[in-house]
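Letter by letter, the chains look like this.
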Amino acid sequence: MNELVRSLPSPTLPGLHLPCLDTYKGWLFKWTNYLKGYQRRWFVLSNGLLSYYRTQAEMAHTCRGTIPLAKAHIEVGDTCHLVLTSGGRSYHLKATSEGECQRWVSALQQAKANATLLMHHSDDSGDEGPVPQEDRALTQGVLKTLASKLDDLSTCNELIGKHGAALQRSLSELEELRGSADSTDKVKAVNERATLFRITSNAMINACRDFLDVAESHSRRWQKALQHEREQRHHLEETIEQLAKQHNSLERAWRENPTSYTGVERSQEGDASDENDDAEFFDAMEDSPAFITVTASGNVQHKRSGSNQSMMSGGVPNDWTHNENDNSGTNHMQGRTRRSRIPDKPNYSLNLWSIMKNCIGKDLSKIPMPVNFNEPLSMLQRLSEDLEYSELLDRAARCDSSLEQMCLVAAFSVSSYSTTVHRTAKPFNPLLGETYELDRLDEYGYRSISEQVSHHPPAAAHHVTSQRGWTLWQHITIDSKFRGKYISVVPLGNIHLQFHSSGNHYVWSKVTSTVHNIIVGKLWIDQSGDIDIVNNTTKDTCRLKFSPYSYFSREVPRKVTGVVEDREGTAHYILSGTWDDKMESAKIVDSSQGCGGSEGKQKTVYQTLQPKLLWKKYPLPDNAENMHFFSSLALTLNEPEEGVAPTDSRLRPDQRLMEAGLWDEANVQKQRLEECQRLERKRREAQANQALEEGQDIEGYQPLWFEKRTDESMRESTYVYRGGYWEAKDRQDWSQSPEIF
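This is a predicted model, so every value here is computed, not measured.

A.B. asks: What should I look at first to understand the overall build of the protein chain in this one?
C.D. replies: Per the secondary structure count, the protein chain includes 13 helices and 29 strands. Counting the 741 residues in the protein chain, one finds 42% classified as buried. In the protein chain, once contacts between residues fewer than 6 apart in sequence are set aside, the share between residues at least 24 apart is 59%. Summed over all atoms, the accessible surface of the protein chain reaches about 40,200 Å², with 51% contributed by carbon and sulfur.

A.B. asks: I keep staring at the environment of N667 and nothing clicks. Help me out?
C.D. replies: Counting through the fold element by element, N667 comes out in helix α12 (residues 663-693). N667 gets classed as buried once you look at its relative accessible area, which sits at 16%. Distance in space between the C-alpha atoms of N667 and M369 is 8.9 Å, their sequence separation being 298 residues.

A.B. asks: So what exactly am I meant to see when it comes to the packing of aromatic side chains here?
C.D. replies: Here a ring pair, both rings aromatic, is described through the centre-centre distance and the interplanar angle of the planes. Summed over the entire model, instances satisfying the criterion amount to 18 aromatic pairs. Summarising the aromatic geometry, the rings of F43 and W104 are spaced 6.5 Å apart at their centres and angled 75° between planes, so their arrangement reads as edge-to-face. Placement of F43 in strand β3 (residues 37-46) and of W104 in helix α1 (residues 98-118) is noted, with a sequence separation of 61 residues between them. Residue classification places F43 among the buried positions, given a relative accessible area of 0%. When the centroid spacing of 6.4 Å and the interplanar angle of 40° are considered together, the rings of Y446 and W470 count as tilted. One end of the pair, Y446, is in strand β14 (residues 446-454); the other, W470, is in strand β16 (residues 470-482), and 24 residues separate them in sequence. Taking the relative accessible area as the measure of exposure, Y446 reaches 1% and is therefore buried. What makes W470 buried here is its relative accessible area of 0%. These aromatic residues form a ring-pair network of at least three members: Y24, F43, Y52 and W104. One residue, R40, lies across the ring of W27, its end atom 3.9 Å from the ring centre.

A.B. asks: Looking at this structure, I do not really get empty space enclosed by the protein. What am I missing?
C.D. replies: The gaps of empty space that remain are located by a probe, the size of a water molecule, rolled over the atoms. A complete count under the given rule lists ten cavities of 30 Å³ or more for this structure. The computed volume of the second largest cavity comes to approximately 80 Å³. Counting residues per element, the ones that place at least two in the lining of the second largest cavity are α8 (402-415) and β16.

A.B. asks: Explanation requested: the environment of F428 in the structure shown.
C.D. replies: With respect to the helices, strands and loops of the structure, F428 is situated in strand β12 (residues 426-428). As a C-alpha pair, F428 and S649 span 221 residues in sequence and 9.6 Å in three-dimensional space.

A.B. asks: Looking at this structure, how should I read the side chain of S450?
C.D. replies: If you trace the backbone, S450 turns up in strand β14. In contact with S450, other than residues within four places in its own chain, are L380, S384, E434, T435, Y436, A461, H462 and F706.

A.B. asks: Please clarify how the pattern of salt bridges should be interpreted in this entry.
C.D. replies: When charged atoms on two side chains of opposite charge get close, those side chains can pair. Tallied over the full model, the rule gives 28 salt bridges. Between R678 and E675 there is a salt bridge, with its nearest N and O atoms 2.9 Å apart. Of this pair, R678 and E675 are both found in helix α12, three residues apart, which corresponds to roughly one turn of the helix. Residue classification places R678 among the partly exposed positions, given a relative accessible area of 33%. Overall, the relative accessible area of 36% leaves E675 in the partly exposed class.

A.B. asks: Just to check I follow, could you spell out the confidence of the model for the protein chain for this structure?
C.D. replies: Close inspection of predicted coordinates is inappropriate for parts of the model with low pLDDT. Confidence in the prediction for the protein chain averages 77 pLDDT; 72% of positions are at 70 or higher. Contacts of residues 121-131 to residues separated by more than four positions or lying in other chains number five contacts, the stretch itself having pLDDT below 50.

A.B. asks: Explain α12 to me, please; I cannot follow it from the model alone.
C.D. replies: Helical geometry note: an α-helix holds 3.6 residues per turn, so side chains three or four residues apart project in the same direction. Taking 1.5 Å as the rise per residue, α12 with 31 residues should run 45 Å; its terminal C-alpha atoms sit 45 Å apart, in good agreement. Of the positions making up α12, those classed as buried are W663, A666, N667, K670, L673, E674, Q677 and A691. Its buried side turned inward, α12 meets β11 (374-378), β12 and α11 (653-659). Just downstream of α12 lies G695, where phi reads positive at about 75°.

Definitions and cut-offs
Residues numbered from 1 in each chain as written. Predicted model: local features only at pLDDT ≥ 70, side-chain atom pairs only at ≥ 80, totals over all residues. Heavy atoms only, no water. Helix = DSSP H or I, 4+ residues; strand = E, 2+ residues; numbered from the N terminus. Buried < 20%, exposed > 50% of the residue type's maximum accessible area, 1.4 Å probe, protein only. Contact = heavy atoms within 4.5 Å. Areas by Shrake-Rupley, 256 points an atom, 1.4 Å probe, with all protein chains shown as cover. Phe/Tyr/Trp six-rings, centres within 6.5 Å; stacked < 30°, edge-to-face > 60°. Lys NZ or Arg CZ within 6 Å of the ring centre and 35° of its normal. 1 Å grid on protein atoms, 1.4 Å probe; cavity = no way out; pocket = protein on both sides within 12 Å on 5 of 7 lines; lining within 4 Å. Points joined across faces, edges and corners; volume = space filled by probe spheres on them. Salt bridge = Lys/Arg side-chain N within 4 Å of Asp/Glu carboxyl O. pLDDT = per-residue confidence, 0-100. Expected span 1.5 Å × (residues − 1).

Structure below.
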């Protein structure tokens, strides 16, 4: 049975409205996750807060969660369901009957109304609350203030009582002296008013005393619960630290002798704690390639990208394969001399979990974070960094065979991830209208322009034109979520590449990036998923599989495999390698159906020639570990240049200060820019609302250098370059560029 407890100050009089405290208690079913479904919880509604516990006994020491109702949205669903939305999180609750559900809804709505009235003077900034020490000091200060006010009220009550008693005595004496009926009635009326005033004062004092008692009792309960939570947190940190040490020991042991771990049983996975409901497990067999390669010599090999196999089998390499004798350092320093280092990264310590724990399940692009979690590059510059191995496309443009060209395009799509292996920091979210140009016409024959075309969701458009026979463009929207133990970044949108001479038009998308060990341990990044590359002109295809990392897999970490097929579905090349090191191709000379694989599936056996190297990662510059693990190209991306647009990322003050090591000053500038962006967004929304009221057409934000078009072949709406940027740069006419910094 649910309980409704009302504490009313006594005595009460008709027409006298005094504050009251409503408490509603009872059992409800709360949705937890897909494994457990709805679980029975004990809910307590008090003082505008809805708290829940696993049992009634937990009320004395452990609260499982608290929902503030002042800003909560209450929605009634079907069949005894109700949904509370507060602070960006939804709570799905279910009652045992319609009547019980209606009683809860009424109590919640009343509590919300009361809480809203009590909070109308509070600051609605949305910032995090103070730290526990400040919270405790604030609570004690409020209690002292309340006690002081109550003493004042008690003093006033005593004075009122004295003067009231004296007034009544005087009136009684007056009544005895005067026998007139009219005067007696008037005196009685005044006497009743004085009595009523005294009773009202007593009731007010009692109400204040009750309020103080409640505040004191809640303060003691909060302090007890806080102490319990601190002890639990300390215990959890110790446990996680031990697990992290065991994890590192196991990983080192496996790397030293991986063959001894191939038979590890995984029967204990089902015993995971119920607090670890989002744990992910990868089956190593599912990640193995669906084919087996056999070299021309007849030796069966499960292709492993880390093996020391011959890259070239005699003779001079073809033009479309990689020459291992190329000096990558010289290649990167062609043309003008560019910088080769930036200031070392300061050693700032900051608890990532203290900020991220309140962001579980949220879009990270909407969460303001200090620059401590950033690297001094914007997302637009990270897009431009994909061009680090543009020579792959230069070689592809010279290919006569579309299948060989597909191999190089596939290697280029993999090469863009090689710079991320040590880069766990996030780039700066570009401001709306921010641009970035990368002019490498003299060195590598291309120049690139990108622009932030949307803020929520964050989206960027990118266009590259090369004098060496190709054009690349993309419109990418970033969807990033924090899942408690890891951050997933999912790029949405397609990358387009067209070669001028053949007209071959390639389309592909990016895979999911995941940053692990958010809570404890060393951060590390993984790439997983499939890339389907399609030549829309010839209908050739290539599917690249990025295998997720698994401790129990015998495969090489960060493995990438793929097959190049023609429009008929005939396989011509096998691709293999790792996304952080190199990619190889092997020409198929024969294929047949082999023995059954996992779950009875047959694997195709391909007989291939010796593999040839398509791409190999450039070594990192000296001292890269102290320069955010930037590559040679990344070190030059934020280098100041003359003549760029006033919206260029190089001119962003917070990013520039961070690169210089002035992180405190960078945080101040970052907050200023974000606040200016919020004000600008509100201004545009106000203009749109005004236009809507006046019946005018509403035109949303329009980028300066890109426009939205519909691609009939892909049946998608995308932003493409409208032209004019490089002409404006030649004229140094930036009159149309907004002032965003």
